[in-house]
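# Observations on the three-dimensional arrangement
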Amino acid sequence: MFCTRCGSKLDPTSRFCSSCGAPVSTNAAPYPPPPPASTGYLFRPRNNRMIAGVCAGFALHYHWDVNIVRIITALICLSGAGALAYLVAWIIIPEEPYALPMQN
Ligand SMILES: [Zn+2]
């Protein structure tokens, strides 16, 4: 269990968060806060990438199927302009930050 207010790990038997004092509700998140993928900014993930992670980044951000994104990207790239767009996206979109160690 994790505190819904500050995100620190909670003892399942405690009724209040030891870090911020917030009462522990029964619907407290069973998992730590979600990774950056679902917090709404576009990045190139470090894993599951084919070339630079541009396709995987768009797929994650817009909840598309990464295989469909890759097929469409490949088709667009066949016309030169698509390849240029891929290079631009590669340069513009930041790489996923390294995962930080879990806070306890
Ligand atoms: Zn707390």
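Nothing here was measured: the structure is a model prediction, and the numbers come from that model. (Residues numbered from 1 in each chain as written. Predicted model: local features only at pLDDT ≥ 70, side-chain atom pairs only at ≥ 80, totals over all residues. Heavy atoms only, no water.)

A volume near 230 Å³ is recorded for the second largest pocket. If you go around the second largest pocket, the residues you meet are Val-54, Cys-55, Phe-58, Trp-64, Val-69, Ile-72, Thr-73, Ile-76, Gly-82, Ala-85, Tyr-86 and Ala-89. If you list the elements that add at least two residues to the lining of the second largest pocket, you get α1 (54-62), α2 (66-77) and α3 (81-92). Among the residues forming the lining of the second largest pocket, the class breakdown is ten nonpolar, two polar and no charged. (1 Å grid on protein atoms, 1.4 Å probe; cavity = no way out; pocket = protein on both sides within 12 Å on 5 of 7 lines; lining within 4 Å. Points joined across faces, edges and corners; volume = space filled by probe spheres on them. Helix = DSSP H or I, 4+ residues; strand = E, 2+ residues; numbered from the N terminus. Nonpolar A, V, L, I, M, F, W, Y, C, P; charged D, E, K, R; others polar.)

Donor atoms from the polypeptide that bind the zinc ion are Cys-3 (SG), Cys-6 (SG), Cys-17 (SG) and Cys-20 (SG), placed at 2.2 to 2.3 Å. Coordination at the zinc ion comes from four donor atoms whose angles at the metal span 105 to 114°, giving a geometry best classed as tetrahedral. The motif formed by the donor residues of the zinc ion, counted along the single chain, is C-x2-C-x10-C-x2-C. Placement of Cys-6 in the segment before α1 and of Cys-20 in the segment before α1 is noted, with a sequence separation of 14 residues between them. (Donors = N, O, S within 2.8 Å, 3.2 Å for Na, K, Ca; no water. Tetrahedral: all angles 85-135°; square planar, octahedral: opposite > 155°, others 65-115°.)

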